[in-house]
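# Architecture at a glance
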Amino acid sequence: MTAVAETLDLLRAWTPIRSVAGDRDGLARMAAALSDWLVRELGAALVPGAAAADPPIVHARLDIGAPRTVVLYNMYDVMPADPAGWSVDPFTGGEAELPGLGPAFLGRGAENNKGPLAGMLVAARRLLAAGRLGVNLEILVEGQEESGSGALRRYLAADPCPAGPADAVLFPSLCEYGGGPPRIYLGFKGIATGEIRVEGGAWGGPATAIHSSNAPWIGNPAWRLVSALAAIAGGDTGTVGAITLDAEAQTVTARLAERFDPEAELRFRRAQRYAVDGTAEERLAAVLTTASLNLSTLRTDPPDGRAVTPHRAAAGFELRLPPGLDPDAALDDIRGRLRRAGLSDGVAIDLIDAYPGCRFPETAAGVAELAGAYRDLGAEPQVWPWAIGSAPGSAFARIAPAFLIGGLGHGGNAHGIDEFVTLDGLSRFLRSIEGWLLRLPSLPDTPGRQT
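Now for a description of the structure that goes with this document. Remember, predicted model here, so these are calculated numbers, not experimental data. (Residues numbered from 1 in each chain as written. Predicted model: local features only at pLDDT ≥ 70, side-chain atom pairs only at ≥ 80, totals over all residues. Heavy atoms only, no water.)

Pairing is antiparallel across the open sheet formed by four strands, whose spatial order is β4-β5-β21-β20. The open sheet has two edge strands with one neighbour each: β4 (94-98) and β20 (411-412). Relative to strand β21 (residues 420-422), strand β5 (residues 102-106) runs antiparallel, the two being bridged by three bridges. Residue Leu106 lies in a different strand from β21, and its bridge partner there is Phe420. (Pairing = 2+ DSSP bridges. Helix = DSSP H or I, 4+ residues; strand = E, 2+ residues; numbered from the N terminus.)

Quick look at the pairing of strand β14 (residues 312-321) now. Moving residue by residue along a regular strand, the side chains alternate between the two faces of the sheet. The element β14 is largely enclosed, with a buried count of nine among its 10 residues. Across 10 bridges, strand β9 (residues 187-199) lies against β14 in antiparallel orientation. Within β14, the residue paired with Val198 across the bridge is Ala313. As paired elements, strand β12 (residues 290-301) and β14 share nine bridges and run antiparallel to each other. Bridging from a neighbouring strand, Ser292 pairs with Arg320 of β14. (Buried < 20%, exposed > 50% of the residue type's maximum accessible area, 1.4 Å probe, protein only.)

Counted under the stated rule, the structure contains 10 aromatic pairs. On the numbers, 5.6 Å between centres and 55 degrees between planes, the contact of Tyr73 with Phe403 is tilted. Taken as a pair, Tyr73 in strand β3 (residues 69-75) and Phe403 in strand β19 (residues 403-406) lie far apart in primary sequence, 330 residues in all. With relative accessibility at 0%, the residue Tyr73 sits in the buried group. Accessibility expressed as a relative area gives 0% for Phe403, which makes it buried. Where Phe171 meets Phe403, the ring centres are 6.4 Å apart and the plane angle is 55 degrees; that geometry is what we call tilted. On the criterion of sequence distance, the pair formed by Phe171 in strand β7 (residues 168-172) and Phe403 in strand β19 is long-range, its members being 232 residues apart. The buried category is assigned to Phe171, whose relative accessible area is 5%. (Phe/Tyr/Trp six-rings, centres within 6.5 Å; stacked < 30°, edge-to-face > 60°.)

Before going further, it helps to examine the packing of helix α2 (residues 24-42) against helix α3 (residues 114-129). It is at 11 Å that the axes of α2 and α3 come closest, and there the two elements cross at 15 degrees. Relative to α3, α2 is oriented roughly parallel. Viewed along their axes, α2 and α3 form a crossing whose handedness is right-handed. Residue-level contacts link Met30, Leu34, Trp37, Leu38, Glu41 and Leu42 of α2 to Lys114, Leu117, Leu121, Val122, Ala124, Arg125 and Leu128 of α3. (Axes fitted to C-alpha atoms, helices over the stretch in contact; angles between N-to-C directions. Parallel < 35°, antiparallel > 145°, perpendicular 65-115°, else oblique. Left-handed = near helix turned anticlockwise from the far one by under 90°. Contact = heavy atoms within 4.5 Å.)

The mixed open sheet is built from six strands, whose spatial order is β1-β2-β6-β3-β7-β19. Bordering the open sheet on either side are β1 (45-46) and β19, each of which pairs with just one other strand. Of the strand pairs in this sheet, strand β2 (residues 58-62) and strand β6 (residues 136-142) are connected by five bridges, and their pairing is antiparallel. From the neighbouring strand, Leu62 faces β6, where its bridge partner is Leu137. Across the sheet, α2 touches β1, β2 and β6, and the angle it forms with β2 is around 10 degrees.

Here we take up the nonpolar core. Core analysis: the largest hydrophobic core is formed by 103 residues, its most contacted members being Trp14, Leu137, Phe396 and Trp436. Of all the elements, α3 adds the most residues to this core, at eight residues. Those residues within four positions of Trp436 in sequence are excluded, and the remaining contacts are Val70, Leu72, Ala168, Leu170, Gly366, Glu369, Leu370, Ala373 and Leu404. Counting 24 residues, the second-largest nonpolar core is a separate cluster that includes Val198, Val240, Ala313 and Leu343. (Core = buried A, V, L, I, M, F, W, Y, C linked by side-chain atoms within 4.5 Å.)

Turning our attention to empty space enclosed by the protein. One pass over the full model with this rule turns up one cavity of 30 Å³ or more. What lines the largest cavity is simply Leu186, Glu248, Ala249, Val252, Arg359, Phe360 and Pro385. For the lining of the largest cavity, the element with the most residues is helix α6 (residues 247-259), which contributes three residues. Of the residues that constitute the lining of the largest cavity, the class distribution is five nonpolar, no polar and two charged. (1 Å grid on protein atoms, 1.4 Å probe; cavity = no way out; pocket = protein on both sides within 12 Å on 5 of 7 lines; lining within 4 Å. Points joined across faces, edges and corners; volume = space filled by probe spheres on them. Nonpolar A, V, L, I, M, F, W, Y, C, P; charged D, E, K, R; others polar.)

Let's shift gears to the pairing of β4. One ladder, built from five bridges, connects β4 with β5; its direction is antiparallel. Bridge pairing links Gly94 to Leu106 in β5. Counted between consecutive antiparallel strands, the loop separating β4 from β5 contains three residues, among which Gly100 sits at a positive phi close to 80 degrees.

In this structure, the second largest pocket spans a volume of roughly 230 Å³. Around the second largest pocket, the lining comprises 14 residues; the ones closest to its centre are Arg255, Glu362, Arg375, Pro381 and Val383. Mapped onto the lining of the second largest pocket, the elements with two or more residues apiece are α6, α10 (367-376) and β17 (382-384). It is α6 that contributes the most residues to the lining of the second largest pocket, five residues altogether. Across the lining of the second largest pocket, the residue classes tally to seven nonpolar, one polar and six charged.

When the charged atoms of two side chains lie near each other, side chains of opposite charge can form a pair. Overall, the coordinates contain 27 salt bridges when judged by the stated rule. Note that Arg125 is salt-bridged to Glu41, the shortest N-O span being 2.7 Å. In this pair, Arg125 is assigned in helix α3 and Glu41 in helix α2, connecting sequence segments 84 residues apart. On the accessibility criterion, Arg125 (19% relative accessible area) is buried. Between Arg312 and Glu195 there is a salt bridge whose closest N-O contact spans 3.1 Å. In this pair, Arg312 is assigned in strand β14 and Glu195 in strand β9, connecting sequence segments 117 residues apart. Residue Arg312 is classed as buried on the basis of its relative accessible area, which comes to 13%. In this structure, a network of salt bridges that share partners links the residues Glu195, Arg197, Glu199, Arg299, Asp301, Arg312 and Asp350. (Salt bridge = Lys/Arg side-chain N within 4 Å of Asp/Glu carboxyl O.)

Function-wise, these values are silent; they only describe arrangement.
Below, the structure is given as structure tokens:
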């Protein structure tokens, strides 16, 4: 059986497991299925205590007595999905011919991230069976990546740390975003999630919803929320701060700009135009250095109240922060802006979760090996100073010098309708992960350290 066929078999078995946030049974079933596979098919030993996390963490070791050890990290949680609009049931999955892309597997998690998770495990098993695996493996799979990785971060923060030390960490994923050149990120932004909330009451708003005819003399929490948001960040992008690129990051960004296609990026992001002007390098610098407050929800209580002044208004946010900007310090700065605008009374910021960004040098262990694995398959990598998205790389800083996300392969529609991975992309993904693992026994002895 081919590696792609083995991976599809796992996808067909795992796609129906609804491992979404809040579904404790689905998360537990997925963790159990993974644990069973790792013991039965890979001969790995489960690390005691990891499964007691909520949701369960799957932590397994495969010690072949090699001088090098690497961590393969991944996630088994997926986003919810409504079957409406899908070509297949999202929690059944199935193969389809996609115009211009060829055969593909569709289903929730096909791209993000059950497809890469299955491929990662198949690649490791095939190398082991062929006697070609030259490194020890620690496999860490969590069920909370889509909602902040809190359980994993607490698990890795224990003293002593239950994982590592290791030479490198890889988060195998499909990194030919939008079908473009594969990417290598030298770090990730951090993130803080929460809610900016305005309650009626002493500042002049209603304690309970009232008729809107009272608007001239009773404050509206929705208007106060709008004023608060305007005081926090101006413009359309929610910018609340920025860092300056240091010399190393400037060099990587300038090199990236030479191959970066702004119009292709727009198509990948499914956007019409950029909200900021400038050259490719200027736009890249803006997205890399900016701390941005994204507003994902806006609501009032009572909802949909006609001719009613609400007693509560709230905005859900994700604050993404470049490496070096501390989430607590950034939130303190936001609170300071509210105080200076005279809006702190009645406006609260409820933090749900946060973790800082991370970065590592291009010379760190595993980076050159990942680039080499890409080039062996005819793909020239696009190297970024760090990702514009977030991942819990900072949690691995005490374990290994680098937390890489990597892998060839084209998927799409993550979190959306008809999420997919192409079968050709899955084949490239498997070969790229195998290629990375095969290069690791020759890692240098003095890798760089994360900051």
